[in-house]
Amino acid sequence: MRKILETHEMSGIVALFLIVQFGGLLVAFLVTHTSSATTIYQTLANQQTADFSYVIDFMLVMIIVLLLMNKHKNSEKWEHRFIRSFEGLVLIATSSFAFLFAFTVLLPRSVEYAYLALAIVAAVAVVTLREKERATKNAATIISSIGVGLVLGFYFTFEYTLIILGIIAVYDYLSVFVTKSMIALAKRLSREDTAFLIEEEDIVAMSEKSLGPESTTKYLKELNENKEDEDPLFKKLLEKGKIPEISSIQLGEGDLGLPLMIAVSAFFTFNNFFMPVFLVVGSGVGIVATLLLLKKYNRPLPAIPPLFAFIAAFSGVAFLITGKENQLISIALIIMGIFVFGFGMMFELSRGARKGEED
């Protein structure tokens, strides 16, 4: 089935992205407003949390070991079990952080001793519901992403989170444009329908004129060979002389949680709302720019490099406005953002487009 990118799905992805950013920032604000930061720090640093972390780590290691031991037979089945088990454990761990922050704000101090246990129970409920109802996948990913952004932003100062994002941006760039490993991983995670990705998808009707006679004939043949033309929705469109195509777009959990990490860290580091909100606007512009490039070039793209570019540039502008850093650092961040997006992304995409035309 051909996949295209329509405005409706682009708008849906941007909306989900902003829900994670502003939802996480709201929780961070409430944590400071209700003086819950100390409680969270104590909970994260206590032995219960350490034990919980050890259990999760042990289970992940055991899953990997079992996968390797059984790789010689029923590989596909064991890989499926591995991915589903890995998804469940990661969702429990990250969602627990999201609920921990929320419960310290919403629940009375009289049950402070049970915050972590209640958070784990709520996280397990999210995983259970996600397994039973496919429609809850995006909601599970949003909760998990908020947990990642909150705990990392709470732990690290702004400078460290910017460095972390920069390192991941380099890795994301190489794994998509050079080694292609991230593309293969994303395809497998999408095939398994995991909650590591949020997705907006719809079936749209295209005319034969928009595809061209030759492309239409080839495409309809593929639909018939794959028996996709037997799907009731596809059949209904085909009977009307329309060509069914899937408008689909996905974002990884890191694409959601890491920008939130930056915004939350900025909030706790600089203790004001302007900086984090300004950075959320920057990351929002970055995600829109990524989607527009995806629509134009129609090839897999890394989201973290453009996000990092716009966050760095907007950080520099915010520093110039607030005077939090000297002008040299502010200008350097702006130049770095322009360089990463202009040279790192646009140059690679232009080069790839020229190479495609030559081929």
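Residue positions within a chain follow its written sequence, with the count starting from 1. The model is predicted, so local features are restricted to residues of pLDDT at least 70 and side-chain atom pairs to those at 80 or more, both for listing and for counting; the totals for chains, interfaces and linings are taken over all residues. Hydrogens and water molecules were not included; the side-chain quantities draw on all heavy atoms of the structure.

Caption draft 1: A look at the overall build of the chain. Put simply, DSSP marks the helices as runs of H or I at least four residues long and the strands as runs of E at least two long, and each gets a number from the N terminus on. If you tally the helices and strands in the chain, you get 15 helices and three strands. Partly exposed residues are those whose accessible area sits between 20% and 50% of the maximum for their type, while under 20% is buried and over 50% is exposed, using a 1.4 Å probe and protein chains only. Taking all 359 residues of the chain together, the buried fraction comes to 48%. Of the roughly 18300 Å² of accessible surface on the chain, a fraction of 65% belongs to carbon and sulfur atoms. Where accessible areas are quoted, they stem from the Shrake-Rupley method and a 1.4 Å probe; at the residue level, only the protein chains shown are allowed to cover.

Caption draft 2: Fine view of the side chain of serine 330. Within the secondary structure, serine 330 sits in helix H15 (residues 327-358). When checking whether two residues touch, look at their non-hydrogen atoms; a contact exists if any pair is within 4.5 Å. The residues touching serine 330, leaving out its near neighbours within four places in the chain, are Gly316, Phe319, Leu320 and Glu325.

Caption draft 3: Broad picture of the pattern of salt bridges. By definition here, a salt bridge exists when the distance from a side-chain nitrogen of Lys or Arg to a carboxyl oxygen of Asp or Glu is within 4 Å. Under the definition given, this model contains one salt bridge. Among the ionic pairs, arginine 130 bridges to glutamate 87, the shortest N-O distance being 2.8 Å. One end of the pair, arginine 130, is in helix H5 (residues 115-132); the other, glutamate 87, is in helix H4 (residues 75-106), and 43 residues separate them in sequence. The exposure class assigned to glutamate 87 is buried, which follows from its relative accessible area of 0%.

Caption draft 4: Structural context of the packing of helix H6 (residues 137-155) against helix H12 (residues 253-270). Packing of H6 against H12 brings their axes to within 7 Å, and their N-to-C directions diverge by 35°. Here the hand of the crossing between H6 and H12 comes out right-handed. For the pair H6 and H12, contact is made by Thr141, Ser144, Ser145, Ile146, Val148, Gly149, Leu150, Leu152, Gly153 and Phe154 and by Glu253, Leu256, Gly257, Leu258, Leu260, Met261, Val264, Ser265 and Phe268, respectively. Of the residues that constitute the contact of H6 with H12, the class distribution is eleven nonpolar, seven polar and one charged. Axis geometry follows a simple rule: fit a line to the C-alpha atoms, using only the stretch in contact for helices, then measure angles between N-to-C directions, giving values from 0 to 180 degrees. Crossing handedness: left-handed means the near helix sits turned counterclockwise from the far one by under a right angle, and right-handed means the same turn made clockwise. Polar here means any residue outside two lists: the nonpolar Ala, Val, Leu, Ile, Met, Phe, Trp, Tyr, Cys and Pro, and the charged Asp, Glu, Lys and Arg; Gly therefore counts as polar.

Caption draft 5: Highlighting the nonpolar core. Nonpolar cores were defined as sets of buried Ala, Val, Leu, Ile, Met, Phe, Trp, Tyr and Cys residues, with membership established by side-chain atoms within 4.5 Å. In terms of nonpolar packing, the biggest core is built from 63 residues, with Phe158, Leu251, Ile262, Met275 and Leu279 touching the most fellow members. In contact with leucine 251, other than residues within four places in its own chain, are Ile13, Phe17, Phe196, Leu197, Ile198, Leu256, Ile287 and Ala303. With 13 residues, the next largest nonpolar core counts Leu91, Phe103, Ala119 and Ala195 among its residues.

Caption draft 6: Geometry of H5. The span one expects for a helix is its residue count, reduced by one, times 1.5 Å. Taking 1.5 Å of rise per residue, 18 residues should cover 26 Å, and H5 covers 26 Å from first to last C-alpha, within 8% of that figure. Buried residues of H5: Tyr115, Leu116, Ala119, Ala122, Ala123, Val126, Val127 and Arg130, and no others. Summarising the axial view, the buried residues of H5 lie within an arc of 140°, below the 170-degree limit, and thus occupy one face. In H5, those exposed residues whose orientation departs by more than 90 degrees from the buried face are Val121 and Lys132. Arc definition: it is the arc formed by the directions from the helix axis to the C-beta atoms.

Caption draft 7: Broad picture of the packing of aromatic side chains. Ring geometry is summarised as follows: Phe, Tyr and Trp rings, the Trp one being its six-membered ring, pair when their centres sit within 6.5 Å, and such pairs are stacked at plane angles under 30 degrees, edge-to-face over 60 and tilted between the two. Tallying each qualifying case throughout the model produces 15 aromatic pairs. Here the aromatic residues Phe29, Phe101, Phe154, Tyr155, Phe267, Phe268 and Phe273 are joined through ring pairs into a cluster of three or more.

Caption draft 8: Here's a closer look at the side chain of aspartate 172. Within the secondary structure, aspartate 172 sits in helix H7 (residues 158-177). Beyond its immediate sequence surroundings of up to four residues, aspartate 172 is in contact with Met182, Pro302, Ala303, Ile304 and Pro305.

Caption draft 9: Molecular detail of unusual backbone geometry. With phi around 55°, asparagine 271 is a residue other than glycine that occupies positive phi space. Inspection of the secondary structure puts asparagine 271 in the loop between H12 and helix H13 (274-297). Residue asparagine 271 is classed as exposed on the basis of its relative accessible area, which comes to 63%.

Caption draft 10: Representation of helix H8 (residues 181-191). Three or more residues of H8 are buried, namely Ile183, Arg188 and Leu189. Following H8 by one or two positions, aspartate 193 has its phi on the positive side, about 55°.

Caption draft 11: Representation of the layout of surface pockets in the model. Two kinds of site are reported from a 1 Å grid over the protein atoms alone, namely cavities, where a 1.4 Å probe fits but cannot get out, and pockets, open sets with protein on both sides within 12 Å along at least five of seven lines, and residues are called lining when an atom falls within 4 Å of a point. Grid points are joined across faces, edges and corners, and a volume is the space filled by probe spheres set on the points. Of the voids in this model, the largest pocket is the one considered here, and its volume is about 1700 Å³. Met182, Ala186, Leu197, Gln250 and Gly252 are, among the 45 residues lining the largest pocket, the residues nearest its centre. The dominant element in the lining of the largest pocket, judged by the number of residues it contributes, is H8, at seven residues. Across the lining of the largest pocket, the residue classes break down as 28 nonpolar, nine polar and eight charged.

Caption draft 12: How the structure looks around the environment of threonine 94. Looking at the secondary structure, you find threonine 94 in helix H4. Taking the C-alpha atoms as reference points, threonine 94 and isoleucine 120, 26 residues apart in sequence, are found 9.7 Å from one another. Residues within four places of threonine 94 in sequence aside, it is in contact with Ser144, Gly147, Val148 and Glu253.

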